[in-house]
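# What the coordinates show
One-letter residues, chain by chain:
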Protein chains: 2
Amino acid sequence: MRIVIPLFDRFTALDAVGPYEVLKFLPGAEILFVAAETGAVRDVPRSLALTADATLDDVDSCDVLLVPGGPGARALLEEEHLLGWIRRMHGGSTWTTSVCTGSLLLAAAGLLKGLAATTHWGAVDVLESFGASYTPERVVFQGKIVTAAGVSSGIDMALALAARLADRTTAEAVQLAIEYDPQPPFDAGSPAKAPQAAKDLLARGIR
Amino acid sequence: MRIVIPLFDRFTALDAVGPYEVLKFLPGAEILFVAAETGAVRDVPRSLALTADATLDDVDSCDVLLVPGGPGARALLEEEHLLGWIRRMHGGSTWTTSVCTGSLLLAAAGLLKGLAATTHWGAVDVLESFGASYTPERVVFQGKIVTAAGVSSGIDMALALAARLADRTTAEAVQLAIEYDPQPPFDAGSPAKAPQAAKDLLARGIR
């Protein structure tokens, strides 16, 4: 089972690594990070780099496509080389998935027209501009397309996907392996729950 | 504020990347991944590599030390070069932290003797063999030392730490930024909660 994760300049690492840590446990899983060129791919603020071990052009099919998001995603919404590659991968995939603003890339590739989908709460307007219908859920299944909400939601998405790729007991065993028993110290993880002061601070810029 | 994350062969990526995605938002945060040598450092099953941008010897102090775990941690419990470096970093740190079996490295460096601490649920005996007192909590503060439980717990730890490094509103703004509103599809994230079938499968090996 080949799982392919495309990286790009200014991606968000947790979008990719959260699901990676779940899916890597699955029987037969072979995960490949790819990018326009092989080598280190940097995030924002550029202090982290993940290695792409193959180029987009090296890969012509996969069982699971997992597209992360990040600040760099918005710069790629007209990047036809990447969007065409996403369409080709989707053509042969069993599952086509995204985390955070990765769904903007699926949408820009034309895969989400008329479908329910989710994304980071701050990117709803862009998602809908491509004809998708934003659904404020953490994970949205639409046929073989699965979109997840912002950043950390990729872990929840991958566990739900693991149960379908293998079975529920396997997914539960993975959850136990990564001790995913979340206990956030605050309850501010969505716009509906976050205090106004936190929303104001984020809007102004934390740093 | 310099935050240093040491990597080693067969580390667990989410141990490092979960807290990284939280701490990178903090005002003044400069995060540096280090390792014995610069360059790509591989996890298990070797499909992921994070880049170390400096060597251990390049760094002589930090404000926050964050030690991830992983299968490779157990091979380093007598690696005096790394353990001595951890002791030196701890000597000047404001916070010394670990995720998962990263606490075994703090313990092997002699930092946890007589202290309450946590680790991955599967590594309790090793932790206690170094004189620490295992506490089955997700995040354990003991003075300036903070240990977190398995893999995904680093996100919870980093949010708690963010409130101390900055303030509660900042931590909540970060939680909102990464949309950390966890909704695991199953409730199997700890040995006390996981169904017996999942525990049996994990004990046999999922793959």
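Rules behind the numbers
Residues numbered from 1 in each chain as written. Chains lettered and ligands numbered in written order. Predicted model: local features only at pLDDT ≥ 70, side-chain atom pairs only at ≥ 80, totals over all residues. Heavy atoms only, no water. UniProt positions renumbered as here; feature names shortened; annotations may be inferred. Helix = DSSP H or I, 4+ residues; strand = E, 2+ residues; numbered from the N terminus. Contact = heavy atoms within 4.5 Å. Buried area = accessible area lost by both parts, 1.4 Å probe. Salt bridge = Lys/Arg side-chain N within 4 Å of Asp/Glu carboxyl O. Pairing = 2+ DSSP bridges. Axes fitted to C-alpha atoms, helices over the stretch in contact; angles between N-to-C directions. Least-squares fit on C-alpha atoms with pLDDT ≥ 70 in both. Buried < 20%, exposed > 50% of the residue type's maximum accessible area, 1.4 Å probe, protein only. Right-handed = clockwise from strand over helix to strand, strands pointing away.

## Thoughts on the UniProt feature "domain: DJ-1/PfpI" (unreviewed entry) in chain A
Within the UniProt annotation, "domain: DJ-1/PfpI" (unreviewed entry) is assigned to residues 1–162 of chain A. Regarding residues 1–162 of chain A, the helix share stands at 29% and the strand share at 26%, and the terminal C-alpha atoms are separated by 12 Å.

## Concerning the interface of chain A and chain B
Counting from both sides, the interface comprises 73 residues of chain A and, opposite them, 73 residues of chain B. Carbon and sulfur atoms make up 60% of the area that chain A and chain B hide from each other, which totals about 6200 Å². Three residues stand out in chain A for area buried against chain B, namely Leu176(A), Glu179(A) and Phe186(A), and they jointly supply 13% of the buried area on that side. Taken together, chain A and chain B are joined by six salt bridges.

## Structural notes on the sheet that holds strand E7 (residues 95–99) of chain B
For sheets, the rule is that strands pair by backbone hydrogen bonds, running either parallel or antiparallel. Residue and element names in this part refer to chain B. Here seven strands make up an open sheet; going across it, the order is E5-E2-E1-E6-E7-E11-E10 and the pairing mixed. Looking at strand neighbours, the two that pair on one side only are strand E5 (54–55) and strand E10 (139–142), the edges of this open sheet. Taken strand by strand, helix H1 (residues 13–23) contacts strand E1 (2–6), strand E2 (30–35), strand E6 (64–67) and E7, and its axis lies near 160° from that of E2. Contacts between helix H5 (residues 153–165) and the sheet are confined to E6, E7, E10 and strand E11 (145–148), with E7 contributing the most and set at about 165° to the helix.

## Brief notes about the relation of the copies chain A and chain B
Structural alignment of chain A on chain B gives an RMSD of 0.0 Å, achieved by rotating through 180° and translating 0.0 Å along the axis. Taken together, these values place the two copies in the relation of a two-fold axis. Taking C-alpha positions as the reference, the residue of chain A nearest the rotation axis is Leu50(A), at 2.3 Å. Both copies contact each other with a shared surface, as 100% of the interface residues of chain A are interface residues in chain B too.

## A few points about unusual backbone geometry
The peptide bond linking Val44(A) to Pro45(A) adopts the cis configuration, its omega dihedral lying at 15°. Structurally, Pro45(A) is set in the loop between strand E3 (39–42) and strand E4 (49–52). Its identity is not glycine, yet Cys100(B) carries a phi of approximately 60°, on the positive side. The residue Cys100(B) is located in the loop between E7 and helix H3 (102–108) in this model. The buried category is assigned to Cys100(B), whose relative accessible area is 4%.

## Comments concerning the pairing of E7(B)
All names here are of chain B. Taking burial as the measure, the five residues of E7 include five buried ones, the bulk of the element. Burial of the side chains of E7 extends over both faces: Trp 95, Thr 97 and Val 99 are buried on one face and Thr 96 and Ser 98 on the other. Across four bridges, E6 lies against E7 in parallel orientation. Considered in E7, the bridge of Leu 65 is made with Thr 96. Read from E6 through helix H2 (residues 80–92) to E7, the crossover connection turns out right-handed. Of the strand pairs in this sheet, E7 and E11 are connected by four bridges, and their pairing is parallel. When the sheet's bridge partners are listed, Val 99 is paired in E11 with Ala 148.

## Considerations on the pattern of salt bridges
Counting across every chain of the model gives 18 salt bridges over all chains. Measuring nitrogen to oxygen at the nearest pair gives 2.1 Å for the salt bridge that ties Glu80(A) to Arg87(A). For Asp156(B), the salt bridge goes to Arg138(B), with nearest N and O atoms at 2.6 Å. Linking Asp156(B) in helix H5 with Arg138(B) in the loop between strand E9 (133–134) and E10, this pair joins segments that are 18 residues apart in sequence. For the pair formed by Asp156(B) and Arg138(B), the shared burial category is buried. Three or more residues joined by partner-sharing salt bridges are found here, namely Asp9(A), Arg10(A) and Arg46(A).

## Considering the environment of Ala13(B)
Along the chain, Ala13(B) falls in helix H1. Ignoring anything within four residues of it in the chain, the contact list for Ala13(B) reads Val17(A), Glu21(A) and Leu48(B).

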